[in-house]
Amino acid sequence: MTPYRRWRYALKPASWPKLFVPAFVGQAIGAAHLGGVDLVSAAGGLGLTFLLLGAIVLSNDLADREVDGLKRRLFPTSCSPKTIPDGILSAGHVALGALVFTAAAVGFGYFCNEWLGRPLMGIATLGALAVFAGYSLWPLKLNYRGGGELLEMFGVGLVLPWINAYAQGGLGVESLTWLPRPWAILPGVCALAFASAIASGLSDEVSDRKGGKRTFTTMLGNPMARRFTELNVLLAAIFWLLAGIFSAHIPLVVAVFGALVLAYYLRTLVALSPAAVTNAFDAQRRYKDVLHRAFWNSAQWLAGLLVLHRLFF
């Protein structure tokens, strides 16, 4: 593999929507709050999201290298190659990459203070990095102590959308508004981020348990983890319907459409669930693929329609 391919593999492009979709939702919330779309602000928020993504992905690979190596030894033909255990990049290169992305994110965040006229972007970037660092790095390492999924829900479902809403809509102390007007869609996004976080542990159940990681799957077992995943997708649809009914800033027709998209995927998800048992890796991949499409497609449609409604109606 060329150096470019090695770094591209380590950054896991297939997983990028996990952060970029919530970032897009935040941009849409900010645009709806502002009543218009600023492309420069969108570029700033999404550029910062990419730098945060690089820091998070590489830091997690560094923190999980022992458990990843254990999984490769347990299932050498059933899981994808791991960045450090399979020698795609050395631990030193991954650590250096994580430091570079982290420094670039902090620097860019403070640059956005002046570039975008958002005086809280630098501090918000540090806060986001602290939240994501608590997921798998010392001293918290909540992904090893039973709180990783909850922290991921908070970071992906709330912190990242808020930063992008702030970048786009100019929220914060200068407007004395800490929550954008269409904030009511965020509980549904949090529920979907929680579902995604729980499901991500399904394929690592055995290696995580042997490696001492406490996740929803290792603590509750595969069947209960799948039930929690599906319950959170259902809750997201309910939250969006409630937002459409009770929030003056979320059109009911938009909320109903987002809930219907989730209901469509939830039916398939429940049908695939019985096959996604422990170590059934192919079935688990299909299960998580449907879950990701439910999250990403419904959130993008909801966010896009929210902006269109705000701009033209």
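Scoring rules and cut-offs
Residues numbered from 1 in each chain as written. Predicted model: local features only at pLDDT ≥ 70, side-chain atom pairs only at ≥ 80, totals over all residues. Heavy atoms only, no water. Phe/Tyr/Trp six-rings, centres within 6.5 Å; stacked < 30°, edge-to-face > 60°. Lys NZ or Arg CZ within 6 Å of the ring centre and 35° of its normal. Axes fitted to C-alpha atoms, helices over the stretch in contact; angles between N-to-C directions. Helix = DSSP H or I, 4+ residues; strand = E, 2+ residues; numbered from the N terminus. Parallel < 35°, antiparallel > 145°, perpendicular 65-115°, else oblique. Left-handed = near helix turned anticlockwise from the far one by under 90°. Contact = heavy atoms within 4.5 Å. Nonpolar A, V, L, I, M, F, W, Y, C, P; charged D, E, K, R; others polar. Core = buried A, V, L, I, M, F, W, Y, C linked by side-chain atoms within 4.5 Å. Buried < 20%, exposed > 50% of the residue type's maximum accessible area, 1.4 Å probe, protein only. 1 Å grid on protein atoms, 1.4 Å probe; cavity = no way out; pocket = protein on both sides within 12 Å on 5 of 7 lines; lining within 4 Å. Points joined across faces, edges and corners; volume = space filled by probe spheres on them. Patch = residues over 30% accessible without salt bridge, like charges linked within 9 Å, V, L, I, M, F, W, Y side chains within 5 Å. Areas by Shrake-Rupley, 256 points an atom, 1.4 Å probe, with all protein chains shown as cover. Salt bridge = Lys/Arg side-chain N within 4 Å of Asp/Glu carboxyl O. pLDDT = per-residue confidence, 0-100.

Now for the packing of aromatic side chains. Two aromatic rings, taken as a pair, are described by how far apart their centres are and by the angle between their planes. Under the definition given, this model contains 12 aromatic pairs. The rings of Trp16, Phe20, Phe50 and Phe101 are connected pair by pair, giving a single aromatic cluster. The residue whose ring lies beneath Lys141 is Tyr144, and the NZ or CZ to ring-centre distance is 4.5 Å. Stacked on the ring of Tyr144, the Lys or Arg Lys213 has its end atom at 5.0 Å from the ring centre.

Packed helix pairs are specified by the crossing angle of their axes together with the interaxial distance, meaning the distance between the axes. Here helix α11 (residues 222-246) crosses helix α13 (residues 281-312) at 15°, and the two axes come no closer than 12 Å. The angle between α11 and α13 falls in the class roughly parallel. Judged by the sense of rotation from one axis to the other, the crossing of α11 with α13 is left-handed. Residue-level inspection shows Asn222, Arg226, Thr229, Glu230, Val233 and Trp240 of α11 in contact with α13, the latter providing Gln284, Tyr287, Leu291, Ser298, Ala299 and Leu302. Of the residues belonging to the contact of α11 with α13, the class tally is six nonpolar, four polar and two charged.

Okay, the nonpolar core next. Counting residues in each nonpolar core, the largest one holds 83 residues, and the members touching the most others are Leu52, Ile163, Ile185, Val233 and Leu262. Here the element with the most residues in this core is α13; it accounts for 11 residues. Sequence-distant contacts of Leu52, defined by excluding residues within four places in its chain, comprise Ala105, Thr125, Ala128, Leu129 and Leu160.

Turning next to unusual backbone geometry. At the junction of Trp138 and Pro139, the peptide bond is cis and its omega measures out at 10° in the coordinates. Even without being a glycine, Asn279 presents a positive backbone phi close to 65°. The exposure class assigned to Asn279 is partly exposed, which follows from its relative accessible area of 33%.

The N-to-C vectors of helix α3 (residues 39-63) and helix α7 (residues 148-169) enclose an angle of 150°; their axes lie 8 Å apart at closest approach. By the angle class used here, α3 and α7 are roughly antiparallel. Viewed along their axes, α3 and α7 form a crossing whose handedness is right-handed. Counted together, Ser41, Ala42, Gly45, Leu46, Leu48, Thr49 and Leu52 of α3 and Leu160, Ile163, Asn164, Ala167 and Gln168 of α7 form the full contact between these two elements. Across the contact of α3 with α7, the residue classes break down as seven nonpolar, five polar and no charged.

With that settled, consider the layout of surface pockets. Computed from the structure, the largest pocket encloses a volume of approximately 1600 Å³. Every residue lining the largest pocket is counted, 46 residues in all, and those nearest its centre are Lys12, Ser15, Lys18, Ser200 and Asp204. Put simply, the parts of the chain that give the lining of the largest pocket at least two residues each are α2 (17-34), α3, α4 (65-74), α6 (121-136), α7, α8 (186-200) and α13. Sorting elements by how many residues they give to the lining of the largest pocket places α13 first, with seven residues. Of the residues in the lining of the largest pocket, the class split is 18 nonpolar, 13 polar and 15 charged. Considered as a void within the structure, the second largest pocket measures approximately 210 Å³ in volume.

Another point: a nonpolar patch on the surface. Side chains of Leu231, Leu234, Ile238, Phe239, Leu241, Leu242, Ile245, Phe246, Leu252, Val256 and Leu260 sit close together on the surface and give an oily, nonpolar patch of about 980 Å² of accessible area. At the level of elements, α11 and α12 (252-272) are the ones that each hand at least two residues to the nonpolar patch. Among the elements that line the nonpolar patch, the one with the most residues is α11, at eight residues. Relative to the elements of secondary structure, Phe239 occurs in helix α11.

By the secondary structure assignment, Asn164 is in helix α7. If near-sequence neighbours (up to four positions away) are discounted, Asn164 is found in contact with Ala23, Gly26, Gln27, Gly45, Leu46 and Thr49.

In this fold, Leu58 is placed in helix α3. Expressed as a C-alpha distance, the spacing of Leu58 and Ala95, which sit 37 residues apart in the sequence, is 7.2 Å. Look past the residues within four positions of Leu58 in its chain and what remains in contact with it is Trp7, Ala10, Leu11, Val94, Gly97, Ala98 and Phe101.

Averaged over all residues, the pLDDT of the protein chain is 93; the fraction at 70 or higher stands at 97%. Note on residues 172-176: pLDDT under 50 across the span, and 11 contacts to partners over four residues away in sequence or across chains.

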